[in-house]
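A structural walkthrough
The lines below spell out each chain.
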Amino acid sequence: MRDYCIRTATPDDLDGARAVMLDTVYRDFGTGYVPRWHGDIVDPATAYLAPARHTLLVAVDESDASVVATAALDSRGPLHPPNPRQVAERYPSGATAQLRRVYVRQEHRRRGLARRLVAELLAFAKADGGYRAVYLHTDPTVAGAEGFWRSLGKVVHDEREGASGGQAVVHFEVPLLP
């Protein structure tokens, strides 16, 4: 059994975090790096470490000190476009904690890391005191992603159900901790 340390990322963790994120967009999403969607991956320090209301967490495998999972939160709500107008209006920037980059290397999945990371992000959002909602969107074609998020939150919009099909993205709200 492996032991993992969940912690706030430091500048020394950024190369490992970036590698997890890039591997995920290439291997799991099949999109590769798309600058308009993934700018935070290239510069996670500016996106998550510098702003006070943002954070980047990492899970580190204590056997070799490698970053094996990431999870981030920022205060930017979903934008329209590409997201549906009603979703963007419901989750405005500043009042919305958006969960991002909850990624676990394939060989470390099914060990509770994503759930632990999300719990830490929710505690961070609650402690901030200024967030009224926690939002995220996921690609339901990624194995396990939709089921995982359904276990933690509620669907607020499923683009697969619209006439145009949108981006085939599922939008969720996750409750803040009590």
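The structure we're discussing is the one just above.
First things first, this report covers the structure right here in the doc. (Residues numbered from 1 in each chain as written. Predicted model: local features only at pLDDT ≥ 70, side-chain atom pairs only at ≥ 80, totals over all residues. Heavy atoms only, no water.)

1. Focus: the overall build of the chain
- When you go through the chain residue by residue, the secondary structure sums to six helices and seven strands.
- In the chain, the succession of α and β elements from N to C terminus is β-α-α-α-β-β-α-β-α-β-α-β-β.
- The C-alpha atoms of the chain give a radius of gyration of 15 Å, which matches the 16 Å a tight globule of 178 residues would have.
- Split into buried and exposed, the 178 residues of the chain put 46% on the buried side.
- Total accessible area on the chain stands at roughly 9100 Å², and carbon and sulfur atoms take up 52% of it.
- Treating the 22 positive side-chain charges of the chain as one cloud and the 22 negative ones as another, the clouds have centres 4 Å apart. (Helix = DSSP H or I, 4+ residues; strand = E, 2+ residues; numbered from the N terminus. Rg over C-alpha atoms; globule rule 2.2 N^0.38 Å. Buried < 20%, exposed > 50% of the residue type's maximum accessible area, 1.4 Å probe, protein only. Areas by Shrake-Rupley, 256 points an atom, 1.4 Å probe, with all protein chains shown as cover. Lys, Arg positive; Asp, Glu negative; His and termini not counted. Charge placed at Lys NZ, Arg CZ, Asp CG, Glu CD.)

2. A word on the packing of aromatic side chains
- Taken as a whole, this structure holds three aromatic pairs when the rule is applied.
- Taking the centre distance of 5.1 Å and the plane angle of 35 degrees together, the rings of tyrosine 91 and tyrosine 135 count as tilted. Of the two residues, tyrosine 91 sits in the loop between α4 (85–90) and β4 (96–104) while tyrosine 135 sits in strand β5 (residues 133–138), which places them 44 residues apart along the sequence.
- Given the relative accessible area of 1%, tyrosine 91 is considered buried. (Phe/Tyr/Trp six-rings, centres within 6.5 Å; stacked < 30°, edge-to-face > 60°.)

3. Looking at the pattern of salt bridges
- Overall, the coordinates contain 14 salt bridges when judged by the stated rule.
- Here aspartate 74 makes a salt bridge to arginine 76, at a shortest N to O gap of 2.5 Å.
- The structure contains a network of salt bridges with shared partners spanning Glu146, Arg150, Asp158 and Arg160. (Salt bridge = Lys/Arg side-chain N within 4 Å of Asp/Glu carboxyl O.)

4. A few points about the sheet that holds strand β1 (residues 4–8)
- Ordered in space as β1-β2-β3-β4-β5-β7-β6, the seven strands form an open sheet in which the pairing is mixed. Two strands bound the open sheet, and with one partner strand each, they are β1 and β6 (154–158). Within this sheet the neighbouring strands show an average axis-to-axis angle of 25 degrees, counted without direction.
- With respect to the sheet, helix α1 (residues 14–28) is in contact with β2 (55–61), β3 (66–74) and β4, its orientation differing from that of β3 by roughly 85 degrees. (Pairing = 2+ DSSP bridges. Axes fitted to C-alpha atoms, helices over the stretch in contact; angles between N-to-C directions. Contact = heavy atoms within 4.5 Å.)

5. Here's the deal with the nonpolar core
- By size, the foremost hydrophobic cluster in this structure holds 26 residues, and its most contacted members are Leu73, Leu99, Val118, Val134 and Trp149.
- Contributions of two or more residues to this core are made by β2, β3, β4, α5 (113–128), β5, α6 (145–152) and β7 (170–174).
- With seven residues, α5 is the single largest residue contributor to this core.
- Not counting residues up to four positions away in its chain, the partners in contact with tryptophan 149 are Leu99, Val102, Val118, Leu136, Thr138, Phe172 and Val174. (Core = buried A, V, L, I, M, F, W, Y, C linked by side-chain atoms within 4.5 Å.)

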